[in-house]
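# Structure assessment
If you want the building blocks of each chain, they are given just below.
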Amino acid sequence: MATEVASVDVGIESMMTRWGLLRGRGRLATVVLLVGIVVLAGVLRMTDLAENPPGFYADEASVGYNAYTVLHTGRDERGLLLPIFFPAFGEHRPPVFVYSAMPFIGALGLTETAVRLTGATYGTLTVLAVFLLASTLFGKRVGLGAAFLLAVTPWHIHYSRTGFELITFPFFFSIAITLFLVGLNRPRMLAASVIVGVVTLYTYWSAWLMVPLTVAGLALLYRDRLVAHRRSLARMGIIVGVLAIPFVVNLVTGGVGRLEHSSVIASDAGVLGAPLRVISGYFSYFSLSFLVSEGDQGPILRHYLPGHGQLYGFMVVLVIVGAIRAAVRHDRAALVLLGLLLMYPLPGALSDSSPISSRTIFGSVVLAMTAAYGAAGLASLLTGRLRRQRWAADAVVAMAVVALALWGLGGYVRGYEEYPEVAAGFWGWQSGPREVVGTFAEAQDEYDDLVLDWEFNSADIFLKFYAPDGCDGCVSGGMNLLDRTRRQLFALKPEHITAGVEYEVLGVVDYPNGQRAFVIFEVQ
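The following paragraphs examine the structure supplied in this document. (Residues numbered from 1 in each chain as written. Predicted model: local features only at pLDDT ≥ 70, side-chain atom pairs only at ≥ 80, totals over all residues. Heavy atoms only, no water.)

This part is about the nonpolar core. Counting residues in hydrophobic clusters, the biggest one holds 150 residues, and the most contacted among them are Leu 149, Leu 367, Met 369 and Phe 440. Leu 149 has contacts with Phe 314, Met 315, Ala 368, Ala 371, Ala 372 and Val 401, leaving out every residue within four places of it along the chain. Of all hydrophobic cores here, the second largest spans 9 residues; its members include Val 451, Met 479, Phe 490 and Val 519. (Core = buried A, V, L, I, M, F, W, Y, C linked by side-chain atoms within 4.5 Å. Buried < 20%, exposed > 50% of the residue type's maximum accessible area, 1.4 Å probe, protein only. Contact = heavy atoms within 4.5 Å.)

Turning to the environment of Met 343, a few remarks are in order. The residue Met 343 is located in helix 18 (residues 332-343) in this model. Along the backbone, Met 343 and Ile 84 are 259 residues apart, and their C-alpha atoms lie at a distance of 28 Å. Ignoring any residue separated from it by four or fewer positions in sequence, one finds Met 343 in contact with Met 210, Leu 213 and Thr 214. (Helix = DSSP H or I, 4+ residues; strand = E, 2+ residues; numbered from the N terminus.)

Looking now at the sheet that holds strand 5 (residues 488-492). Strand pairs in the sheet, formed through backbone hydrogen bonds, run parallel or antiparallel to each other. With mixed pairing, 5 strands are arranged side by side in an open sheet as 4-3-5-7-6. If you trace the sheet from one side to the other, it starts and ends with strand 4 (474-477) and strand 6 (503-510), each paired once. In this sheet, adjacent strand axes meet at a mean angle of 20° when their direction is disregarded. Most of the contacts of helix 24 (residues 459-466) go to strand 4, to which it runs at about 160°, and overall it touches strand 3 (449-453) and strand 4. (Pairing = 2+ DSSP bridges. Axes fitted to C-alpha atoms, helices over the stretch in contact; angles between N-to-C directions.)

Burial analysis of strand 5 places 5 of its 5 residues in the buried class, the great majority of the element. With burial as the criterion, each face of strand 5 is covered, one bearing Gln 488, Phe 490 and Leu 492 and the other bearing Leu 489 and Ala 491. Note that strand 3 and strand 5 share 4 bridges and pair parallel. Following the sheet pairing, Leu 450 is matched in strand 5 by Leu 489.

Here Pro 170 is to be found in helix 8 (residues 168-183). On the basis of relative accessible area, Pro 170 is assigned to the buried category, the value being 0%. Spatially, the C-alpha atom of Pro 170 lies 7.2 Å from that of Ile 361, the residues being 191 residues apart in sequence. Other than its neighbours up to four places away in sequence, Pro 170 contacts Thr 126, Ile 361, Phe 362 and Val 365.

Let us now look at the packing of helix 4 (residues 96-108) against helix 5 (residues 112-138). Taken N-terminus to C-terminus, the directions of helix 4 and helix 5 make an angle of 125°; their axes are 8 Å apart at the nearest point. By the angle between their directions, the pair helix 4 and helix 5 is classed as oblique. Judged by the sense of rotation from one axis to the other, the crossing of helix 4 with helix 5 is right-handed. Contacts between helix 4 and helix 5 pair Val 96, Phe 97, Ser 100, Ala 101, Phe 104, Ile 105 and Leu 108 from the former with Thr 113, Ala 114, Val 115, Leu 117, Thr 118, Gly 119, Thr 121 and Tyr 122 from the latter. (Parallel < 35°, antiparallel > 145°, perpendicular 65-115°, else oblique. Left-handed = near helix turned anticlockwise from the far one by under 90°.)

Across all of its chains, the model carries 32 aromatic pairs by this definition. An aromatic cluster of at least three residues, connected via ring pairs, comprises Trp 155, Tyr 282, Phe 283, Tyr 285, Phe 286, Phe 290 and Tyr 344. The cationic tip of Arg 116 hangs over the ring face of Trp 429; the distance from NZ or CZ to the ring centre is 5.3 Å. Between Lys 493 and the ring centre of Phe 456, over which it is positioned, the NZ or CZ distance is 5.6 Å. (Phe/Tyr/Trp six-rings, centres within 6.5 Å; stacked < 30°, edge-to-face > 60°. Lys NZ or Arg CZ within 6 Å of the ring centre and 35° of its normal.)

With that settled, consider helix 6 (residues 140-152). Here helix 6 is 13 residues long and its end C-alpha atoms lie 18 Å apart, about the 18 Å a rise of 1.5 Å per residue gives. Residues of helix 6 that are buried: Val 142, Gly 143, Leu 144, Ala 146, Ala 147, Phe 148, Leu 149, Leu 150, Ala 151 and Val 152. (Expected span 1.5 Å × (residues − 1).)

Take a look at the structure:
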């Protein structure tokens, strides 16, 4: 059997030395390269967060407002004291992102930047976490390659720039797997792996499927190694049972909300149609249209940049090489990678529509790792043609990968600069409430009612987020609330203004493409 968990040379000394991963030469070079990769990831994820993505979606506002209220009162928007799950929009939101946003909101205030910076920080740290995971499995060459590819992958960049809780899942999941692999040689790390694994269940719904399957797979794959730790594992089982109680209670009491209603089981596919839809959905996550050219392809533009796939074309070639290499090698490290590669589409395949990149966000991690593993395989093949000069083969492949990645990244960045032109409307980021509620807050003493258009996924949350200290008379609705006996200020989409009603325009809000978003007016 080939080496199960690679002994690798990585560069965060205080942590890596204790894990037994810091050995060999090139320590300084590894540190410099890794720092450069993480800085690149941070720049791509943290720049101009308040303006692009354009607008601020209801889920982001909900996360931010609940983090704000817990920070200042200890209670969420519904008055629950330090909740483990946050009721919102017919579901129970996992807690990790909400509590993680509190320091950012404490430092920057209740702003879009503070909420999205939470996600950008997790996205950047995930690049480091993937380096640790890939290095543990295959060595520092693959670790650095995986970190770099994830840093520039459109799929991961896109969601790292949002305030969606899903971005916490890849970070904790990667760390949990890494701790497990290290724990095979250092038992104390197994306990840490168990704790982080349980925390992962509280990050995002996809973890509810991915974590149990991964635990089962790792336990089967490394069963001979785990037998020696059976007493420790028994004690860890008790810890898991206690920490998972809120998760189980939430699951059995129906806290999944819209996830339950948007699964293939709840669709009208029928007994025979549902399995076929799952199978079709599963393979859609390996299609070129999803990975390279079109992305999600659906109407929800919050999930992708139109005209761009989740990866760059050259990465698909490397993924294929990496998957073949892993299948041929057939050692345990390779099987871990293959298992994750085959597993990542499952949360999306069970949805009522596929492909959907949000529920399969861990695919960005596993595909970056597989591509890096494929690149290392190509370098190994090239080594034989260069008279076994491995450094030269590594340099040739690395330069080619970096050049192709930066070329692809340039195209993606140019497309992303135009993203506000196409994704600010209802099916995108629903831009406009910031300006409208700002106007309402300034004018609230002059009116009895200030009416924000109802056509959002949840208009009321914007009134709370942008006016956390209260906005007297601010409500969501439409012309149905017109009462000529009251002083009223409306901010409605043009198509929602009743024909024939005379009104005075006091202001307008436009989308970035110049289309009229809201008209702020008084009825005559």
